[in-house]
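A look at the structure
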Amino acid sequence: MSLVKAKKHLGQHFLTDKNIAAKIVNGLVHTDQYHQVLEVGPGMGILSDILLECTDLETHLIDIDVESYHFLQQKYPQLGSRLINGDFLALDLSAIFSGKYAIIGNFPYNISSQILFKILENRSQVVEMVGMFQKEVAERCASKAGTKEYGILSVLIQAYYDIEYLFTVKPGTFNPPPKVNSGVIRLSRNQTDTLPCDEKLFWRTVKAGFNQRRKTLRNALSGVVPKDKMDDHIFFDKRAEQLTVADFIVLTQHLTQLSQ
């Protein structure tokens, strides 16, 4: 089999270090909540090789790259329909998985945020995720209130998942090497089925607050609730980065009351 050429427009950087690959796969906790795992962007299968040795897991692969797909078809003929040539972002995951499952991958950096939002959209089924991102994105996801890295993804992910920053990966372990360091994180679904507030308003509030993060929430949220309806609640005089997930829930509950 001829090797797959990394394609810049797909953001492909193939991991070449098998020890790092093993560390990523070992990041999966293998809870009794799932027995299926989906690897996104397997490339030439350095993670897949290890995943397929996990006899307690039913491994599925998806890659948008036709060349990778044909390479993996030859490498893993036993996968059959569990090898998918398609766009993960456009995939109807509920049509493939009826129960709960995990997601793993060395994700293309150019669609990192979209991948994370896709996971959030499917949070009722995705109970665990271990993934490699640009280090900056990985740190942003795991950052806490009061830091400059803390943002929309931090709040939305931490509302539904426990997050751990596992380790950093240097550029030299990839072909071609990226220009930045990478970070591996693990998301584990928390006990929150639904937030104790209007979830659509929660998402809207978080996004509006951070989209104008230098402004106080009284000004940043004027498109969510008119200023003349706002009262003297302490959160209105703070900036989004100062609020924890729990604070945003309280704020959303308050905004709902103000809108009535």
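As shown above, the structure is provided for reference.
Summarised in this report is the structure supplied together with it. On a predicted model such as this, the values are computed, not experimentally measured, just so you know. (Residues numbered from 1 in each chain as written. Predicted model: local features only at pLDDT ≥ 70, side-chain atom pairs only at ≥ 80, totals over all residues. Heavy atoms only, no water.)

**Here we look at the nonpolar core**
- Within the largest apolar cluster, 55 residues are counted, with the highest numbers of intra-cluster contacts made by Ile103 and Phe202.
- Ignoring any residue separated from it by four or fewer positions in sequence, one finds Phe202 in contact with Val155, Leu156, Ala159, Leu195, Cys197, Val245, Phe248, Ile249 and Thr252. (Core = buried A, V, L, I, M, F, W, Y, C linked by side-chain atoms within 4.5 Å. Buried < 20%, exposed > 50% of the residue type's maximum accessible area, 1.4 Å probe, protein only. Contact = heavy atoms within 4.5 Å.)

**A closer look at the pattern of salt bridges**
- Under the defined criterion, the tally for this structure stands at 10 salt bridges.
- Two residues, Lys7 and Glu67, come together in a salt bridge whose shortest N-O distance is 2.6 Å. You can see Lys7 sitting in the segment before strand E1 (14–15) and its partner Glu67 sitting in helix H3 (residues 66–75), a full 60 residues away along the chain.
- Glu67 gets classed as partly exposed once you look at its relative accessible area, which sits at 32%.
- Its salt-bridge partner being Lys75, residue Asp49 comes within 3.2 Å of it at the nearest N-O pair. You can see Asp49 sitting in helix H2 (residues 46–51) and its partner Lys75 sitting in helix H3, a full 26 residues away along the chain.
- We classify Asp49 as partly exposed; its relative accessible area is 32%.
- The class for Lys75 is partly exposed, based on a relative accessible area of 28%. (Salt bridge = Lys/Arg side-chain N within 4 Å of Asp/Glu carboxyl O. Helix = DSSP H or I, 4+ residues; strand = E, 2+ residues; numbered from the N terminus.)

**Some remarks on the environment of Cys54**
- Here Cys54 shows up in the loop between H2 and strand E3 (58–63).
- Using a relative accessible area of 16% as the deciding quantity, one classes Cys54 as buried.
- The sequence separation of Cys54 and Gly27 amounts to 27 residues, and the corresponding C-alpha distance is 13 Å.
- Setting aside chain neighbours within four positions, we find Cys54 in contact with Val25 and His30.

**So, the layout of surface pockets**
- Estimated volume of the largest pocket: approximately 670 Å³.
- Forming the boundary of the largest pocket are 41 residues, of which Gln12, Phe14, Gly41, Gly43 and Asp63 lie nearest the centre.
- Of all the elements in the fold, those that place two or more residues in the lining of the largest pocket are E1, strand E2 (36–40), H2, E3 and H3.
- Examining the composition of the lining of the largest pocket, we find that three residues originate from one element, H2, more than from any other.
- What the second largest pocket holds in volume is close to 220 Å³.
- In this structure, the second largest pocket is lined by Lys8, Gly11, His13, Tyr109, Asn110, Gln134, Pro177, Pro178, Lys179 and Val180.
- In terms of residue class, the lining of the second largest pocket is built from four nonpolar, four polar and two charged. (1 Å grid on protein atoms, 1.4 Å probe; cavity = no way out; pocket = protein on both sides within 12 Å on 5 of 7 lines; lining within 4 Å. Points joined across faces, edges and corners; volume = space filled by probe spheres on them. Nonpolar A, V, L, I, M, F, W, Y, C, P; charged D, E, K, R; others polar.)

**Things to note about the packing of aromatic side chains**
- Applying the stated criterion across every chain, the model contains five aromatic pairs.
- Aromatic pair Phe97 and Tyr101: ring centres 4.1 Å apart, planes at 20°, arrangement stacked. Neither residue differs from the other here; Phe97 and Tyr101 are each classed as buried.
- Ring geometry for Phe117 and Trp203: centres 6.3 Å apart, planes at 45°, overall tilted. One end of the pair, Phe117, is in helix H4 (residues 112–121); the other, Trp203, is in helix H7 (residues 199–211), and 86 residues separate them in sequence.
- Of the residues examined, Phe117 reaches a relative accessible area of 22% and is grouped as partly exposed. (Phe/Tyr/Trp six-rings, centres within 6.5 Å; stacked < 30°, edge-to-face > 60°.)

**A look at the sheet that holds strand E4 (residues 83–85)**
- If you walk across this open sheet you meet the seven strands as E4-E3-E2-E5-E6-E9-E7, and the pairing is mixed. The open sheet is flanked by E4 and strand E7 (161–169), the only strands paired with a single partner. In this sheet, neighbouring strand axes are inclined to one another by 15° on average, regardless of whether the strands run parallel or antiparallel.
- In this structure, strand E5 (residues 101–106) lies alongside strand E6 (residues 126–134), joined through six bridges in parallel fashion. Of the residues in E6, the one forming a bridge with Ala102 is Glu128.
- Seen against the sheet, helix H1 (residues 18–26) touches E5, E6, E7 and strand E9 (182–189) and runs at an angle of roughly 170° to E7. (Pairing = 2+ DSSP bridges. Axes fitted to C-alpha atoms, helices over the stretch in contact; angles between N-to-C directions.)

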